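Residue-level structure breakdown
Below are the chains, spelled out letter by letter.
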Amino acid sequence: MSNLEIVDVSHAYGPKKVLNHVNLRVGAGQVVALVGPSGCGKSTLLRAILGTHPSTEGTVMVGGQEVIRPNRDVGIVYQHYSLYEFLTARENVAFGLMLDQTSTPYRWFMYFGWRKLRKQHLEQADEFLKKVGLYAARDQYPSQMSGGMRQRVAIAQALIMEPKILLLDEPFGALDEATREELQLMLLRLYEENVRARSENRTPPYTVIIVTHELNEALFVSDRVVGLSQYHNDGENGATIVYDRPAPVFKPDEPKDLSRFVEQKEELIRAVFSPTFQKDHRQFVTFWQENKKQPVEETSEVN
Ligand SMILES: Nc1ncnc2c1ncn2[C@@H]1O[C@H](COP(=O)(O)OP(=O)(O)OP(=O)(O)O)[C@@H](O)[C@H]1O
Ligand SMILES: [Mg+2]
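My aim in this report is to walk through the structure given alongside it, one point at a time. Just so you know, these numbers come straight off a predicted model, no measurement behind them.

It is worth spelling out the site of ligand 1 at this point. The environment of ligand 1 is made up of Tyr13, Lys16, Val18, Ser38, Gly39, Cys40, Gly41, Lys42, Ser43, Thr44 and Arg47. Separating an oxygen atom of ligand 1 from a backbone N or O atom of cysteine 40 is a distance of 3.2 Å. Elements with a minimum of two residues in the shell around ligand 1: strand 2 (16-26) and helix 1 (42-50). Broken down by element, the shell around ligand 1 gets its largest block of residues, four residues, from helix 1. A class-by-class count of the residues in the shell around ligand 1 yields three nonpolar, five polar and three charged.

What follows covers the sheet that holds strand 10 (residues 240-246). Pairing in this open sheet of six strands is mixed, and the strands run 6-7-8-3-9-10 from one edge to the other. Among the strands making up the open sheet, the edge pair consists of strand 6 (74-77) and strand 10. The mean angle between the axes of side-by-side strands here comes to 20 degrees, regardless of whether they run parallel or antiparallel. Judged from the four bridges that link them, strand 6 and strand 7 (residues 165-169) form a sheet pairing that is parallel. Along strand 7, the bridge assignment pairs valine 74 with isoleucine 165. Of the strands in this sheet, strand 6 and strand 7 touch helix 5 (residues 147-159), which is tilted by about 175 degrees from strand 6.

Now for the packing of helix 5 against helix 6 (residues 177-199). Direction vectors running N to C along helix 5 and helix 6 enclose 25 degrees, while the axes themselves pass 10 Å from each other. Judged on the interaxial angle alone, helix 6 and helix 5 are roughly parallel. The two elements helix 5 and helix 6 cross, and the hand of that crossing is right-handed. Between helix 5, through Gly148, Gln151, Arg152, Ile155 and Leu159, and helix 6, the contact on the second element is made entirely by Thr179, Glu182, Leu183, Met186 and Leu190. Classifying every residue of the contact of helix 5 with helix 6 by side-chain character gives five nonpolar, three polar and two charged.

Inspection of the entire model under this criterion finds 14 salt bridges. Residue arginine 180 is joined to glutamate 217 by a salt bridge in which the shortest nitrogen-to-oxygen separation is 2.8 Å. Placement of arginine 180 in helix 6 and of glutamate 217 in helix 7 (residues 215-221) is noted, with a sequence separation of 37 residues between them. Of the two residues, arginine 180 and glutamate 217, neither departs from the other in class, the shared state being buried. We note a salt bridge from arginine 224 to aspartate 244, for which the minimum N-O separation is 2.7 Å. Residue arginine 224 is found in strand 9 (residues 224-229), and its partner aspartate 244 is found in strand 10; the two are separated by 20 residues along the sequence. Looking at arginine 224, the relative accessible area reads 0%, which means it is buried.

Attention now moves to the environment of glycine 96. Mapped onto the secondary structure, glycine 96 falls in helix 2 (residues 89-101). Each C-alpha atom of the pair glycine 96 and arginine 72 lies 9.5 Å from the other, and the pair is 24 residues apart in sequence.

This part is about the sheet that holds strand 5 (residues 65-66). Spatially, four strands are ordered 2-1-4-5 in an open sheet, and the strand pairing comes out antiparallel. Lying at the two open borders of the sheet, with one neighbouring strand each, are strand 2 and strand 5. Note that strand 1 (residues 4-13) and strand 2 share seven bridges and pair antiparallel. Bridging from a neighbouring strand, valine 9 pairs with valine 22 of strand 2. Against the sheet, helix 1 touches strand 1, strand 2 and strand 4 (57-62), its axis set at about 120 degrees to strand 1.

Checked against the element boundaries, leucine 134 lands in the loop between helix 4 (111-131) and helix 5. Along the sequence, leucine 134 and arginine 150 sit 16 residues apart, while their C-alpha atoms lie 9.7 Å from each other. With residues near it in sequence (within four places) discarded, leucine 134 still touches Leu129, Met149, Arg152 and Val153.

Right, let's talk about unusual backbone geometry for a bit. A positive phi angle, close to 45 degrees, is found at glutamate 170, a residue other than glycine. Despite not being glycine, asparagine 201 shows a phi value in the positive range, around 60 degrees. A relative accessible area of 74% means that asparagine 201 is categorised as exposed.

Attention shifts here to the side chain of lysine 42. With respect to the helices and strands, the residue lysine 42 is situated in helix 1. Notably, lysine 42 is buried but unbridged: the nearest opposite-charge side chain belongs to glutamate 170, and the N-O separation is 5.4 Å. Of note is the side chain of lysine 42, whose polar atom sits 3.2 Å from the backbone oxygen of proline 37. Other than its neighbours up to four places away in sequence, lysine 42 contacts Leu34, Val35, Gly36, Pro37, Val211 and Leu228.

Cut-off values and rules
Residues numbered from 1 in each chain as written. Chains lettered and ligands numbered in written order. Predicted model: local features only at pLDDT ≥ 70, side-chain atom pairs only at ≥ 80, totals over all residues. Heavy atoms only, no water. Near = heavy atom within 4 Å. Polar contact = N/O pair within 3.5 Å; in protein donor to acceptor, adjacent residues only side chain to side chain. Helix = DSSP H or I, 4+ residues; strand = E, 2+ residues; numbered from the N terminus. Nonpolar A, V, L, I, M, F, W, Y, C, P; charged D, E, K, R; others polar. Pairing = 2+ DSSP bridges. Axes fitted to C-alpha atoms, helices over the stretch in contact; angles between N-to-C directions. Contact = heavy atoms within 4.5 Å. Parallel < 35°, antiparallel > 145°, perpendicular 65-115°, else oblique. Left-handed = near helix turned anticlockwise from the far one by under 90°. Salt bridge = Lys/Arg side-chain N within 4 Å of Asp/Glu carboxyl O. Buried < 20%, exposed > 50% of the residue type's maximum accessible area, 1.4 Å probe, protein only. Lys, Arg positive; Asp, Glu negative; His and termini not counted.

As structure tokens, then:
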């Protein structure tokens with residue numbers, strides 16, 4: 001079973017069709033970069049996965065359950081994510097757990113039990129702050145943090161809920177180049193945990209879809225690139241998936257060798273972003289099967 005299954009999803013805003021028969025499966029542990037021309041419907045697709053704006057047609061399943069409203073199986077971090085200004089980094093990260101597991105009556109009647117639970121939540125928060133490289137700043141308030149630090153807290157806050165899928169919508173878009181690179185490396189470190197889990201026959205913990213308009217970033221942080229585009233010639237309006245291929249996997253401690261993805265970047269620009277490039281878009285779509293190291297070519301629909 002895939003963590004995410006999008007089956008025949010279409011979406012229209014009034015008469016305007018934005019998404020057209022989108023099919024996508026994402027297996028546990030994949031990090032998918034979602035790219036496409038501005039306004040093609042990437043955020044619309046994420047909102048359908050999140051459950052805040054269900055699609056007008058088709059179904060979205062997360063962990064085998066149909067998504068009809070937001071739930072804790074799906075986490076999201078936006079470009080400008082707001083933290084609770086009156087809470088420290090670790091309190092911000094622990095907040096979702098506290099809300100989820102303690103009700104106000106519980107706190108009144110089980111004061112000592114609640115204190116113990118709160119301590120556990122804060123310790124868990126520390127673990128996630130370590131994963132995003134922010135443990136040293138755990139007692140700082142958001143107003144004392146840089147933009148990059150705040151995004152790390154936001155990501156830890158989402159990860160601590162152990163979502164089946166984490167959605168990142170241009171998460172590093174507001175950051176300067178150097179900070180952005182540090183956060184990309186942070187994602188590669190999380191991916192290494194997936195690789196380790198897989199080698200030990202455990203379920204990889206992080207399944208991610210990251211929307212980015214930076215193609216270098218898309219190819220660097222992901223193991224699979226999906227292109228959503230309105231530029232296709234199957235005769236219908238609205239964007240669909242016109243590109244779906246594995247991306248090169250980088251290790252955080254190896255030099256970033258850009259030459260490894262020059263060709264793929266060119267291919268993406270033509271296949272996804274060019275309004276005039278004529279193609280049979282299936283040519284660039286390779287579905288990826290879970291638990292297989294190699295992608296498999298499939299001409300049929302998702303099965
Ligand atoms: N609530 C809405 N009502 C009407 N039209 C909308 C609404 N939200 C988005 N749209 C339109 O739907 C299309 C897709 O928008 P969406 O935000 O999903 O695109 P996007 O791919 O995320 O774009 P960007 O790369 O600029 O973030 C756009 O043309 C947009 O104007
Ligand atoms: Mg968007």
